[in-house]
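# Inside the fold
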Amino acid sequence: MTFTFRPLDPLRDAALLHRWVTHPKAAFWMMQDASVEDVERAYLEIDADQHHHALLGLDEDGVPAFLMEKYDPVHRELTGLYEPRPGDVGMHFLTPATDSPVPGFTRAVITAVMAHLFEDPATARVVVEPDVRNKAVHALNEAVGFVPEREIDKPEKKALLSFCTREQFAAATGVAV
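Just so you know, these numbers come straight off a predicted model, no measurement behind them.

What follows covers the overall build of the chain. Tallying secondary structure elements over the chain gives five helices and seven strands in all. For the chain, the N- to C-terminal ordering of α and β elements is β-α-α-β-β-β-α-β-α-β-β-α. Taking 177 residues into account, the globule formula puts the C-alpha radius of gyration at 16 Å, and the chain, at 15 Å, falls close to it. Buried positions account for 48% of the 177 residues belonging to the chain. Summarising the internal contacts of the chain: among those between residues at least 6 apart in sequence, 61% fall at separations of at least 24. Summed over all atoms, the accessible surface of the chain reaches about 9200 Å², with 54% contributed by carbon and sulfur. Side chains of the chain give 17 positive and 28 negative charges; the mean places of these two sets differ by 4 Å.

In structure tokens:
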């Protein structure tokens, strides 16, 4: 599977994102009760934030297939919760629920997300902080090279702080970056 990326347009993409983030399978996204306007507002805030960016991953036909966010953990999400290193980049991703799942799709998505992040030579390490209860994403993270460090308490959740270097990603996936 091949994906491309484009910046998310909060006004144009809010209805699509709303369907994705309010689905019961997206419970860890913590937007279950959000309105379309709430989603639009949240992504307008991200769009205006120099330290946080949202992108849509597009399939071979240019159709939105997943959401990716990258952020500077020095300024967002993890401020004061760990000792950042130069080249750290935070990441979130969401694959939408579907009635006809494609085997390997989510693994292909996280691999593409990581490869995209490592395309930037300044990215040395990717940082994630998923909910400790999200066992499915922990397995996906491990499959692409993430190593858990410890649990941390964030205001909205207990999270598993994990890191993946460029070398760990290449070793786990065989993808040269």
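Taken together, the seven strands give an open sheet; going across it, the order is 1-2-3-4-5-7-6, and neighbouring strands pair in mixed fashion. Only two strands of the sheet have a single partner each, and these edge strands are strand 1 (4-7) and strand 6 (147-153). This sheet shows a mean twist of 30° between the axes of neighbouring strands, independent of strand direction. Contacting strand 1, strand 2 (52-58), strand 3 (64-71) and strand 4 (88-94), helix 1 (residues 10-21) runs over the sheet at an angle of about 95° to strand 3.

The biggest cluster of nonpolar side chains holds 25 residues, and the ones touching the most others in it are Met91, Phe93, Val113, Met114 and Phe146. Contributing elements (two or more residues each) for this core: strand 3, strand 4, helix 3 (105-118), strand 5 (125-128) and helix 4 (135-143). When residues of this core are assigned to their parent elements, the largest contribution, nine residues, is made by helix 3. Discounting chain neighbours no more than four positions away, the residues touching Val113 are Phe5, Phe66, Met68, Met91 and Phe93.

Take helix 1 next. Taking 1.5 Å of rise per residue, twelve residues should cover 16 Å, yet helix 1 covers just 14 Å from first to last C-alpha, more than 12% shy of that figure. The backbone nitrogen of Leu11 lies 3.0 Å from a side-chain oxygen of the residue at the head of helix 1, namely Asp9.

One number sums up the size of the largest pocket: a volume of about 1300 Å³. Residue lining of the largest pocket: 49 residues in total, with Ala26, Trp29, Phe93, Leu94 and Thr95 positioned closest to the centre. Elements with a minimum of two residues in the lining of the largest pocket: helix 2 (36-47), strand 3, strand 4, helix 3 and helix 4. Classifying every residue of the lining of the largest pocket by side-chain character gives 29 nonpolar, nine polar and eleven charged. In this structure, the second largest pocket occupies an estimated 210 Å³ of space. Lining the second largest pocket are 14 residues, with Lys70, Tyr71, Val89, Asp120 and Thr123 positioned closest to its centre. Elements with a minimum of two residues in the lining of the second largest pocket: strand 3, strand 4 and helix 3. The class makeup of the residues in the lining of the second largest pocket is five nonpolar, five polar and four charged.

Across all of its chains, the model carries ten salt bridges by this definition. The salt bridge involving Lys157 is made with Glu129; its shortest N-O contact spans 3.2 Å. Of this pair, Lys157 sits in the loop between strand 6 and strand 7 (158-165) while Glu129 sits in the loop between strand 5 and helix 4, and the two are 28 residues apart along the sequence. Each member of the pair, Lys157 together with Glu129, is buried. Look at the salt bridges and you will find they share partners, linking Glu129, Lys154, Glu156 and Lys157 into a network.

Parameters and conventions
Residues numbered from 1 in each chain as written. Predicted model: local features only at pLDDT ≥ 70, side-chain atom pairs only at ≥ 80, totals over all residues. Heavy atoms only, no water. Helix = DSSP H or I, 4+ residues; strand = E, 2+ residues; numbered from the N terminus. Rg over C-alpha atoms; globule rule 2.2 N^0.38 Å. Buried < 20%, exposed > 50% of the residue type's maximum accessible area, 1.4 Å probe, protein only. Contact = heavy atoms within 4.5 Å. Areas by Shrake-Rupley, 256 points an atom, 1.4 Å probe, with all protein chains shown as cover. Lys, Arg positive; Asp, Glu negative; His and termini not counted. Charge placed at Lys NZ, Arg CZ, Asp CG, Glu CD. Pairing = 2+ DSSP bridges. Axes fitted to C-alpha atoms, helices over the stretch in contact; angles between N-to-C directions. Core = buried A, V, L, I, M, F, W, Y, C linked by side-chain atoms within 4.5 Å. Expected span 1.5 Å × (residues − 1). Polar contact = N/O pair within 3.5 Å; in protein donor to acceptor, adjacent residues only side chain to side chain. 1 Å grid on protein atoms, 1.4 Å probe; cavity = no way out; pocket = protein on both sides within 12 Å on 5 of 7 lines; lining within 4 Å. Points joined across faces, edges and corners; volume = space filled by probe spheres on them. Nonpolar A, V, L, I, M, F, W, Y, C, P; charged D, E, K, R; others polar. Salt bridge = Lys/Arg side-chain N within 4 Å of Asp/Glu carboxyl O.

Nothing here speaks to function; it is geometry throughout.
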